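The residues making up each chain are set out below.
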Amino acid sequence: MTVDFSKFPDEHGHFGPYGGVFAPETLMAALEQLTAEYQSLKNDPVFLGELSEDLRDYVGRPTPLYYAERWSESLGGAKIYLKREDLNHTGAHKVNNTIGQALLAKRLGKKRIIAETGAGQHGVASATVAARLGLECVVYMGADDVVRQAPNVARMKMLGATVVAVESGTRTLKDALNEAMRDWVTNVDDTFYIIGTAAGPHPYPAMVRDFQAVIGREAREQVLEKEGKLPDALIACVGGGSNAIGLFHEFLPDEDVAIYGVEAAGHGLETGEHAAPLCAGTPGVLHGNRTYLMQDKNGQIIGTHSISAGLDYPGVGPEHAWLKDIGRANYVAINDEEALQGFRDLTKYEGIIPALESSHAIAYATKLAPTMNKDQVIIVNLSGRGDKDMNTIAQIEGFEF
Amino acid sequence: MSRIQKTLDALKAQGKTALVPYITAGDPNPNATVALMHLMVSKGADMLELGVPFSDPMADGPVIQKAVERALSHNVSLDDVLEYVRVFREKDDKTPIILMGYLNPIEAEGYEAFAAAASSVGVDAVLTVDMPPEESAGYLQALDKEGLDRVFLVSPTTPESRLAAVNEKGSGFAYYVSLKGVTGSKELDIADVTAQINRLRGQLSLPIGIGFGIRDGETAYRMAQLGDAVIVGSALVSLIEANAHHDLYDIEIAIGKKMTEFRTAIDRADALKGQE
């Protein structure tokens, strides 16, 4: 493969046919301004210095690369390392991005930040940086997600954010995104929209990827130190796909590293009740970019289902759409049951309670590892911790919470 | 010359401002749309804007969101919308029709197939909220080939550099979004719109339609003094909502009354312009 991955996206945000800027006119000037500001800052040593200091002292980076020995042995195949994004401040990879975007918001002189959230991790990470910078914060969250991720709602409120339960549409992440867009159109002068995943109109997919790419940079260095070689495979869950692209990006030129993005198969791809646009969707335009979508033949976005709120989204970041088409990454799907088993396995063998999102990546590792040799290495992105999922788990396992 | 240009030229020659009502196609049910289109023409509409339902209308406020949900509860598709236009054209081949919506249903159909189908049933123009000039090459080519006008939005935040693209790539008219916000929101700031329209007149050779937030005769009166066309949507759609469970007759009464309010106000503004 001779793709120069550093050349993507192009200056208009295109990854091949995907990405771009499909936004209402009112936002175009703000997006142009953000693109210009980001372009000028992304290689600015002062900005990068400030960012890496925050990541070290506030977020707690670098996160460890942990050899899950007991779990690996139970599977009887490859050695599995976990990139411990669950150990970040606020409990997931999301803060890597909100720290970066909040610094941009400050530079642009915005007084108010808004965010959409599914599982609530991005909402918490946004509320956190807003509190730290003394900015007003409004988080849009689907009404159904407000219920199933109650602990995160409480955290956001504690941090001083206003949480708006979105009752329109399917009452999940996509509707939260619509509502955040509507807010931004209305308050574009004083408001910075912190998008939580590597999707949306340019420059968001590239910018979020760049902020999350610290995951892969660290992991590459850490695995070389521990194993003296690159990993044979990477695994990460994909909703919008920010933790995945964060891990994958640094390894894209390493052709011998196999890459697996794991989508949510929900009740099963064959049932239609899932959230796996790359595995079972078609290209279209939603939320500012062209990408794979869950849609009907008329171009209406269809309802998704996943046990994990953070993966319950009908689109996916445009870079993943492109990586799929050019064959650089493989996209697979794990259903609710399998994810729950992954959740139980990691908890049991390693004493680490993963987020239900990350449990999809864990579950795929349990399938892949046994097919590999003992001297081969897999890195799984443990994108978040499972504390937020205790309500869901308690219901399923039938215990009082 | 396109039907839109012909209409706007003729109105201009008479010193008149176009009244352009919007309804969402298929709202509150598929049987209502063609009847409401004819009714609005009989109550003084010069052009019609027909919303194509989309599941994720991110630039629309609650009123039109709910209209879209009502239409989608009947599975109204882009093909259905074109069918309404075809039936409407059996009795009216004069009133221009602008389709307004989001890109994905058009993507699903394919630009060329969509443009050919739209043109064959008598659509005159297409306004796609999330299709800015930058991404529009293939889309414009398809619309052009079928002689369809391409309406782009211009907003209070549109910088000069982008106005040039709208002027070059748009046709029919430019749609000025008179406020920062979603459809149907807030009160209009008349002074602000006045200043903005003056700015646009220097940059755009296209006629200017003004829409978003025009909820009553008084606002329409003000806007008619500034624009070549006044576009009203949420004010009408909220009446459909209020009567959604009644007979079509009740909706027609309510819409007719509101249309008369707008038409009278715009005529009043035009008469005033005539005296100057």
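Described below are features of the structure shown in this document. This one's a predicted model, so the numbers in the text were calculated from it and none came from an experiment.

Parameters and conventions
Residues numbered from 1 in each chain as written. Chains lettered and ligands numbered in written order. Predicted model: local features only at pLDDT ≥ 70, side-chain atom pairs only at ≥ 80, totals over all residues. Heavy atoms only, no water. Helix = DSSP H or I, 4+ residues; strand = E, 2+ residues; numbered from the N terminus. Rg over C-alpha atoms; globule rule 2.2 N^0.38 Å. Buried < 20%, exposed > 50% of the residue type's maximum accessible area, 1.4 Å probe, protein only. Areas by Shrake-Rupley, 256 points an atom, 1.4 Å probe, with all protein chains shown as cover. Lys, Arg positive; Asp, Glu negative; His and termini not counted. Charge placed at Lys NZ, Arg CZ, Asp CG, Glu CD. Contact = heavy atoms within 4.5 Å. Buried area = accessible area lost by both parts, 1.4 Å probe. Salt bridge = Lys/Arg side-chain N within 4 Å of Asp/Glu carboxyl O. Polar contact = N/O pair within 3.5 Å; in protein donor to acceptor, adjacent residues only side chain to side chain. Nonpolar A, V, L, I, M, F, W, Y, C, P; charged D, E, K, R; others polar.

### Focus on the overall build of chain B
- Helix and strand counts for chain B stand at twelve helices and nine strands.
- In terms of overall dimensions, chain B is globule-like: its C-alpha atoms have a radius of gyration of 17 Å, near the 19 Å expected for 276 residues.
- For chain B, the C-alpha atoms occupy an extent of roughly 45 × 40 × 35 Å along the three principal directions.
- Within the span of chain B, comprising 276 residues, buried residues form 61% of the whole.
- Here chain B displays about 10,300 Å² of accessible surface, and carbon together with sulfur accounts for 49% of that area.
- Charge separation in chain B, taken as the distance between the mean sites of 26 positive and 39 negative side-chain charges, equals 6 Å.

### As for the interface of chain A and chain B
- The partner chain B presents 37 residues to the 37 residues of chain A that form the contact.
- The junction of chain A with chain B conceals about 2,900 Å² of combined surface from both sides, 49% of it contributed by carbon and sulfur atoms.
- For the chain A face of the interface with chain B, the top three residues by lost area are Glu25(A), Arg182(A) and Gln300(A), together amounting to 24%.
- Between the two partners, chain A and chain B, sit five salt bridges.
- Where Arg162(B) meets Glu25(A), a salt bridge forms, and the shortest distance between an N and an O atom there is 2.7 Å.
- Here chain A is connected to chain B by 21 residue pairs in polar contact (both at pLDDT 80 or more).
- For the side of chain A that touches chain B, the elements supplying multiple residues, two or more each, are strand S2 (18-22), helix H1 (25-41), helix H8 (173-186), strand S11 (282-286) and strand S12 (288-293) of chain A.
- When residues of the side of chain A that touches chain B are assigned to their parent elements, the largest contribution, eight residues, is made by H8(A).
- Of the residues that constitute the side of chain A that touches chain B, the class distribution is 13 nonpolar, 15 polar and nine charged.

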